[in-house]
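Here is what each chain is made of, one letter per residue.
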Amino acid sequence: MAKLNWGMIGGGEGSQIGPAHRLGAVIDGHYDFVAGALDFVPEKGRAFAAQLGIAGDRAYGDWKEMLAGEKDRPAGERLDLVTIATPNSTHFEIAEAFLQEGFNLLIEKPMTMAVEEGERLFALEKEKGCRVAVNYGYSGYAMVRHMRAMVARGDLGKVRVVVAEFAHGHHSDAADADNPRIRWRYDPAQAGVSSIVADCGIHCLHMASFVAGQNIEKLSADFASTISSRELEDDALIAFRMDGGTVGRCWTSAVALGRQHGLRLQVFGETGGMAWEQEHPNQIKWTPLGGNTEILERGQAGLSPEADRASRVTQGHAEGMPLAFANLYSDLSELIRADAEGRTPDAAADLVPDAEAGLRSVALVHAAVKSAADDGVWTNCVPPSLA
Ligand code: NAI
């Protein structure tokens, strides 16, 4: 089967997330990396693309040049998927322009800055018949998919409570307030309405929805800027309610000194509880009601088909974040191929967070900001088009 053509915008040399995309996209043999506008400095972007093996005429200086150079290419050469891995404030403009030309997209989170922008991409996805995926890459972990499968098949009974955390300590040093790599994150002109909730909180809130199989309907938020020079929050607590009746608690922080990545999910149901941590992604702690706590290992016999198909190397060998991203890329390749061939995609591939998930997250961030400004008043977070 011919490989799909893949291009990326952003994710240049030294970027945080570019390497995980490059690994994730190519590891399963579904895509060739054929075009890119990888850096905001044009010469750096072109040079890095060339270093990665991209042909000179498809190594672009910026995304507008890339769109002009790619939009009229014939089938077979045309890009099947474009990843947008640039800073948040640029996602909307780039995504809208590429969607107008009918490209499938994988957009980094948050999908957009404003709810109206999210609504626009959600509408364009349908209008253009394109795939718009949002990189909630942690939903690609085999054991996160297993948690989702356990909830769906009823192992926990009704899910009573979900506790989601994404609390790291990497912005704890008050003396770092002027560090340019940190300062922009707390500057509303560059970061938008929210810092840690838009950056990290949305990951664990998405994961709560993904695993529980429910959407978040309303929330009450408490934000804090624990370093006084910061205009945006560096710590937040969000209580939320889901549309299937589950109660949710989310803590997200950038000042949890001593914590590294800090993404965790706990799910408590009527007949069992389970816990997962991003720093040990190959295990779930599972406690059935009245039983002992067991460790479920990625790769062991008897896991769900969802976990098995997301797993590559044998039990006992770590699989980490780039391979979780690879599962999204792999599922997307099936969705894109099915669309191109006019057939129904393999249902198992339909786990990729889409524009609806992206829009719901953006609406959630804005609802949290509003609630926090209003002393934690319970606030609806369903976007207008999905109400
Ligand atoms: P970064 O600052 O480390 O890298 C950004 C890259 O984009 C750089 O190579 C820069 O030169 C390039 N760039 C900037 N503006 C550009 C433009 N207009 N055209 C082309 N290239 C441009 O940023 P980082 O941390 O890699 O974040 C990028 C995106 O990925 C953000 O939206 C962030 O929220 C998201 N992210 C997602 C993660 C996940 O787990 N899904 C984890 C970390 C970041």
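Residues numbered from 1 in each chain as written. Predicted model: local features only at pLDDT ≥ 70, side-chain atom pairs only at ≥ 80, totals over all residues. Heavy atoms only, no water.

Participant: Looking at this model, I keep getting lost on the domain arrangement of the protein. Mind explaining?
Facilitator: How large an interface is tends to be reported as the accessible area lost when its parts come together. Considered domain by domain, the protein is made up of domain 1 (4–138 + 332–354) and domain 2 (142–314 + 359–384). Listed per partner, the contact involves 20 residues of domain 1 and 27 residues of domain 2. Where domain 1 abuts domain 2, roughly 2000 Å² becomes buried across the two surfaces, and 62% of that area is made up of carbon and sulfur atoms. If you sort the residues of domain 1 by the area they bury against domain 2, Y136, Y138 and L351 come out on top, with a joint share of 39%. Where K109 meets D199, a salt bridge forms, and the shortest distance between an N and an O atom there is 3.1 Å. For the pair domain 1 and domain 2, the number of links is six residue pairs in polar contact (both at pLDDT 80 or more). Class assignment for the residues of the side of domain 1 that touches domain 2 results in 12 nonpolar, five polar and three charged. (Domains from an automatic or database assignment. Contact = heavy atoms within 4.5 Å. Buried area = accessible area lost by both parts, 1.4 Å probe. Salt bridge = Lys/Arg side-chain N within 4 Å of Asp/Glu carboxyl O. Polar contact = N/O pair within 3.5 Å; in protein donor to acceptor, adjacent residues only side chain to side chain. Nonpolar A, V, L, I, M, F, W, Y, C, P; charged D, E, K, R; others polar.)

Participant: Help me understand the site of the ligand in this model?
Facilitator: Neighbouring the ligand are 21 residues; G12, Q16, N88, E108 and K109 lie closest to it. Within the side chain of D39, an N or O atom sits 3.1 Å from an oxygen atom of the ligand. One of the backbone N or O atoms of T86 is found 3.2 Å from an oxygen atom in the ligand. With the chains in place, 84% of the 850 Å² that the ligand exposes on its own is no longer accessible. Here the shell around the ligand is composed, by residue class, of eight nonpolar, 10 polar and three charged. (Near = heavy atom within 4 Å. Areas by Shrake-Rupley, 256 points an atom, 1.4 Å probe, with all protein chains shown as cover.)

Participant: Please explain helix α11 (residues 321–341) as it appears in this structure.
Facilitator: Count 3.6 residues to each turn of an α-helix, and residues three or four apart come out pointing the same way. Helix length check: α11 (21 residues) gives 31 Å between terminal C-alpha atoms against 30 Å at 1.5 Å per residue, within 8%. Taking burial as the measure, the 21 residues of α11 include 15 buried ones, the bulk of the element. Immediately beyond the C-terminal end of α11, within one or two residues, lies G342, with a positive phi of roughly 70°. (Helix = DSSP H or I, 4+ residues; strand = E, 2+ residues; numbered from the N terminus. Expected span 1.5 Å × (residues − 1). Buried < 20%, exposed > 50% of the residue type's maximum accessible area, 1.4 Å probe, protein only.)

Participant: What am I meant to see in the packing of aromatic side chains here?
Facilitator: Note on aromatic pairs: each is described by the distance of the centres and the angle between the planes. Applying the stated criterion across every chain yields a total of eight aromatic pairs. Taking 4.4 Å as the distance between ring centres and 40° as the angle between the ring planes, the aromatic pair formed by W6 and F33 counts as tilted. Taken as a pair, W6 in strand β1 (residues 4–10) and F33 in strand β2 (residues 31–37) lie far apart in primary sequence, 27 residues in all. Of the two residues, W6 and F33, neither departs from the other in class, the shared state being buried. (Phe/Tyr/Trp six-rings, centres within 6.5 Å; stacked < 30°, edge-to-face > 60°.)

Participant: What exactly am I supposed to notice about the packing of helix α9 (residues 196–212) against helix α12 (residues 355–373) here?
Facilitator: The relative placement of two packed helices is expressed as an angle between their axes plus a distance between the axes. α12 packs onto α9 with a crossing angle of 125° between their chain directions and a minimal axis gap of 10 Å. It follows that α9 is oblique to α12 by the angle criterion. Once α9 is placed against α12, the crossing between them reads as right-handed. Contacts between α9 and α12 involve V197, A198, I202, L205 and H206 from the former and A357, S361, L364 and V365 from the latter. (Axes fitted to C-alpha atoms, helices over the stretch in contact; angles between N-to-C directions. Parallel < 35°, antiparallel > 145°, perpendicular 65-115°, else oblique. Left-handed = near helix turned anticlockwise from the far one by under 90°.)

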